[in-house]
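Okay, here's what each chain looks like letter by letter:
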Amino acid sequence: IAFNHTIRALCPIPGATNDSGLVVGTLASDIYWTKTLNANDGIDNEERNPIVCGHFDGELWGLDIDTNTQDERRRRFATSCEDNQVILWDMDTKSALLRTCIADTKDSDPTSVARNKRRRAGGISSHALSLSSRAVALSPDGTQVAVGTNSGTLNVFDTTTMERVSTRDLSRGGKHGNTSDGPAPSPRRQSTAAIGVLRYSPDSKILAVGMQSAVIILCDATKNYAAKGYLSSHKAPVTHIDWACNGRHIRAIAADHRLCFFDV
């Protein structure tokens, strides 16, 4: 039997057939219980879902609650961390519903961990920038969850299956030409931008992406999250974004405590 992470602890449980087994603890804070432990039959390979799971590396910054908590099927929230995981949780049972990896570890840049501290895009995580996230958002219609990485990549997943829907590299977004809100940021200023905050419009059609480079990128969810506009009045990393109920205006706060209002 194989597990996704290093095994740190093993505890056999003797007893009746229904109670016996092996409890396995991993480096990733997962606890598995294999209910069959027999010298002749081997270890039951069917029980592969952990009975306890969670985040395990870096800092946990990404958190968003489903807007329609009145629906029992949507009493849930999502978290993303610097451990290459996005998890969908059940608010009532306090357990994980679904989870997936933010990106394939084979596609990550092994040198990006060392660059984390220089570019101030990461914390104490041992994972690469492309595998670390500090921003997550659930769409108001409940169908998708967006995750922003410290490398500036936007990943979107289906909330039913946690399959990847879209991937966009926004690390250099906004560098081409001018916007209605003023000159777009230069390539140098935007090239190391991490995604700090994500927020969907009330109709789930536009995703506002707050960058560490002080830019808000508006992505069209109906067109595979292609960038459709840029808001660049801030002078510091964007930390919070809020939409008006009519979806026509945005207010945002940056790290310098400056509050800006935008007409979308």
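Nothing here was measured: the structure is a model prediction, and the numbers come from that model. (Residues numbered from 1 in each chain as written. Predicted model: local features only at pLDDT ≥ 70, side-chain atom pairs only at ≥ 80, totals over all residues. Heavy atoms only, no water.)

A. Quick look at the side chain of aspartate 83. For aspartate 83, the position within the fold is in the loop between strand E7 (76–81) and strand E8 (85–90). We note that aspartate 83 is buried and unpaired, the nearest opposite charge coming from arginine 99 at a distance of 7.2 Å. Once residues within four sequence positions are removed from consideration, aspartate 83 is found in contact with Gly54, His55, Phe56, Asp57, His127 and Leu131. (Helix = DSSP H or I, 4+ residues; strand = E, 2+ residues; numbered from the N terminus. Buried < 20%, exposed > 50% of the residue type's maximum accessible area, 1.4 Å probe, protein only. Lys, Arg positive; Asp, Glu negative; His and termini not counted. Salt bridge = Lys/Arg side-chain N within 4 Å of Asp/Glu carboxyl O. Contact = heavy atoms within 4.5 Å.)

B. Just the nonpolar core, in detail. In terms of nonpolar packing, the biggest core is built from 18 residues, with Leu154, Leu198, Leu207 and Val209 touching the most fellow members. The next biggest cluster of nonpolar side chains, apart from the first, holds 13 residues, and it includes Val197, Ala208, Leu218 and Ile250. (Core = buried A, V, L, I, M, F, W, Y, C linked by side-chain atoms within 4.5 Å.)

C. A look at the environment of isoleucine 217. By the element assignment, isoleucine 217 lies in strand E18 (residues 216–220). Along the primary structure isoleucine 217 and lysine 228 are separated by 11 residues, whereas in three dimensions their C-alpha atoms are 7.7 Å apart.

D. Summary view of the sheet that holds strand E12 (residues 153–158). Strand order in the open sheet formed by 4 strands is E10-E11-E12-E13, with antiparallel pairing between adjacent strands. Edge positions in the open sheet fall to strand E10 (133–138) and strand E13 (164–169), since each of these has one partner strand only. Each adjacent strand pair in this sheet contributes to an overall mean axis angle of 15°, direction not counted. (Pairing = 2+ DSSP bridges. Axes fitted to C-alpha atoms, helices over the stretch in contact; angles between N-to-C directions.)

E. How the structure looks around the packing of aromatic side chains. The tally for this structure, following the rule as stated, stands at 2 aromatic pairs. Seen in terms of ring centroids, phenylalanine 77 and tryptophan 89 are 6.2 Å apart; in terms of plane orientation they differ by 15°. Their pairing is stacked. Linking phenylalanine 77 in strand E7 with tryptophan 89 in strand E8, this pair joins segments that are 12 residues apart in sequence. Taking relative accessible area as the criterion, phenylalanine 77 reaches 22% and is therefore assigned partly exposed. Taking 6.4 Å as the distance between ring centres and 80° as the angle between the ring planes, the aromatic pair formed by tyrosine 200 and tyrosine 225 counts as edge-to-face. Separated by 25 residues along the polypeptide, tyrosine 200 in strand E16 (residues 195–200) and tyrosine 225 in the loop between E18 and strand E19 (226–231) bring together distant segments of the chain. By the burial criterion, tyrosine 200 is buried, and tyrosine 225 matches it. In this structure, arginine 134 is placed above the aromatic ring of tryptophan 61, and the distance from its NZ or CZ to the ring centre is 3.9 Å. (Phe/Tyr/Trp six-rings, centres within 6.5 Å; stacked < 30°, edge-to-face > 60°. Lys NZ or Arg CZ within 6 Å of the ring centre and 35° of its normal.)

F. Spotlight on the pattern of salt bridges. For the coordinates displayed, the defined rule picks out 9 salt bridges. Between aspartate 30 and arginine 99 there is a salt bridge whose closest N-O contact spans 2.9 Å. Placement of the pair is aspartate 30 in the loop between strand E2 (21–26) and strand E3 (31–34) and arginine 99 in strand E9 (residues 95–101), with a sequence separation of 69 residues. With a shortest N-O distance of 2.8 Å, arginine 134 and glutamate 82 are connected by a salt bridge. Placement of arginine 134 in strand E10 and of glutamate 82 in the loop between E7 and E8 is noted, with a sequence separation of 52 residues between them. Connected through shared salt-bridge partners, Glu59, Glu82 and Arg134 make up one network.

G. Main features of the sheet that holds E7. In space, the 4 strands of this open sheet follow the order E6-E7-E8-E9, with antiparallel pairing throughout. With one partner strand each, in any of the chains shown, strand E6 (60–65) and E9 form the two edges of the open sheet. Direction aside, the axes of adjacent strands within the sheet are offset by 20° on average. Pairing of E8 with E9, which is carried by 6 bridges, proceeds in the antiparallel orientation. Directly across from valine 86, in E9, lies its bridge partner threonine 100.

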